[in-house]
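The chain contents come next:
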Amino acid sequence: QVQLAESGGGLVQAGGSLRLSCSASGRTFSNYYMGWFRQAPGKEREFVASISRTELTYYSDSVNGRFTISRDNAKNTVYLQMNSLKAEDTAVYFCLARSRVGNWKYGSEDNYDYWGQGTQVTVSS
């Protein structure tokens, strides 16, 4: 069982920055595929960014160029650096992990095995 704990959310003005962190339990973190999804009020959950075991990164069109996902395997942590934040980035951000091998569809939440509780990000305009 993998436990994920997000942190770093909060209130920020438009144009500002935040860095989210997700700490994972387990001794094989380096083998996990990691992802960030978000859910805004009244909207469906959507893919934000993901990083593979070999540190290939993927982004949604809405955040590409503004957000950066990274991982520190020594700390069992994945990060989401968010710059140039917009009001439409306001959402609860969830950290996801996939431990199983096989075909990984990084943008589909069904392709992940574990979820964190989420952290609120609010961007004021």
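The structure under discussion appears in the preceding block.
The structure contained in this document is the topic of the report that follows. (Residues numbered from 1 in each chain as written. Predicted model: local features only at pLDDT ≥ 70, side-chain atom pairs only at ≥ 80, totals over all residues. Heavy atoms only, no water.)

Looking only at helices and strands, the protein chain features 0 helices and 11 strands. Counting from the amino terminus, the protein chain carries its helices and strands in the arrangement β-β-β-β-β-β-β-β-β-β-β. A compact globule built from 125 residues would reach a C-alpha radius of gyration of about 14 Å, and the protein chain, at 14 Å, matches this within 12%. Principal-axis analysis of the C-alpha atoms gives the protein chain an extent of 40 × 25 × 25 Å. Relative to its 125 residues, the protein chain shows a buried fraction of 44%. Partitioning the contacts of the protein chain with sequence separation of at least 6, the portion at a separation of at least 24 is 57%. Counting only carbon and sulfur atoms, one obtains 43% of the accessible surface of the protein chain, whose full area is about 6,500 Å². Here the protein chain contributes 13 positively and 11 negatively charged side chains, and the mean placements of these two sets differ by 5 Å. (Helix = DSSP H or I, 4+ residues; strand = E, 2+ residues; numbered from the N terminus. Rg over C-alpha atoms; globule rule 2.2 N^0.38 Å. Buried < 20%, exposed > 50% of the residue type's maximum accessible area, 1.4 Å probe, protein only. Contact = heavy atoms within 4.5 Å. Areas by Shrake-Rupley, 256 points an atom, 1.4 Å probe, with all protein chains shown as cover. Lys, Arg positive; Asp, Glu negative; His and termini not counted. Charge placed at Lys NZ, Arg CZ, Asp CG, Glu CD.)

Core analysis: the biggest nonpolar cluster contains 29 residues, and L4, M34, W36, V78, L80, M82 and Y93 have the highest contact counts within it. Elements represented by at least two residues in this core include exactly β3 (18-24), β4 (33-39), β5 (46-51), β7 (67-72), β8 (77-82), β9 (91-98) and β11 (119-124). F47, F94, L96 and Y112 belong to the second-largest nonpolar core, a separate cluster that totals 7 residues. (Core = buried A, V, L, I, M, F, W, Y, C linked by side-chain atoms within 4.5 Å.)

Remark on secondary structure: sheet strands pair via backbone hydrogen bonds, oriented parallel or antiparallel. The strand order across the open sheet formed by 4 strands is β1-β3-β8-β7, and the pairing between neighbours is antiparallel. Lying at the two open borders of the sheet, with one neighbouring strand each, are β1 (4-7) and β7. Neighbour-to-neighbour, the strand axes of the sheet open up by a mean angle of 15°, direction not taken into account. Here β3 pairs with β8 via 6 bridges, running antiparallel. Each bridged residue has a counterpart across the sheet, and for S21 the counterpart in β8 is Y79. (Pairing = 2+ DSSP bridges. Axes fitted to C-alpha atoms, helices over the stretch in contact; angles between N-to-C directions.)

Summed over all chains, the structure comprises 1 disulfide. Note that C22 is cross-linked by a disulfide to C95, the S-S spacing being 2.1 Å. Here C22 and C95 share a disulfide; its torsion about the S-S bond, -80°, makes the bridge left-handed. Here C95 lies in strand β9 and C22 lies in strand β3, a separation of 73 residues in the sequence. Like C95, C22 is buried. (Disulfide = S-S within 2.5 Å.)

Quick look at unusual backbone geometry now. Notably, N76 is not glycine yet its phi reads approximately 55°, a positive angle. Mapped onto the elements of the fold, N76 is located in the loop between β7 and β8. Even without glycine at this site, S84 takes up a positive phi of about 50°.

Tracing the sequence through the fold places F29 in the loop between β3 and β4. Relative accessible area serves as the criterion here: at 1%, F29 is assigned to the buried category. Residues F29 and C95 lie 66 residues apart in sequence; the distance between their C-alpha atoms is 13 Å. Residues within four places of F29 in sequence aside, it is in contact with A24, M34, R71, D72, N73, N76, T77 and V78.

The final tally for this structure, using the stated rule, is 11 aromatic pairs. The cationic tip of R45 hangs over the ring face of F94; the distance from NZ or CZ to the ring centre is 5.7 Å. (Phe/Tyr/Trp six-rings, centres within 6.5 Å; stacked < 30°, edge-to-face > 60°. Lys NZ or Arg CZ within 6 Å of the ring centre and 35° of its normal.)

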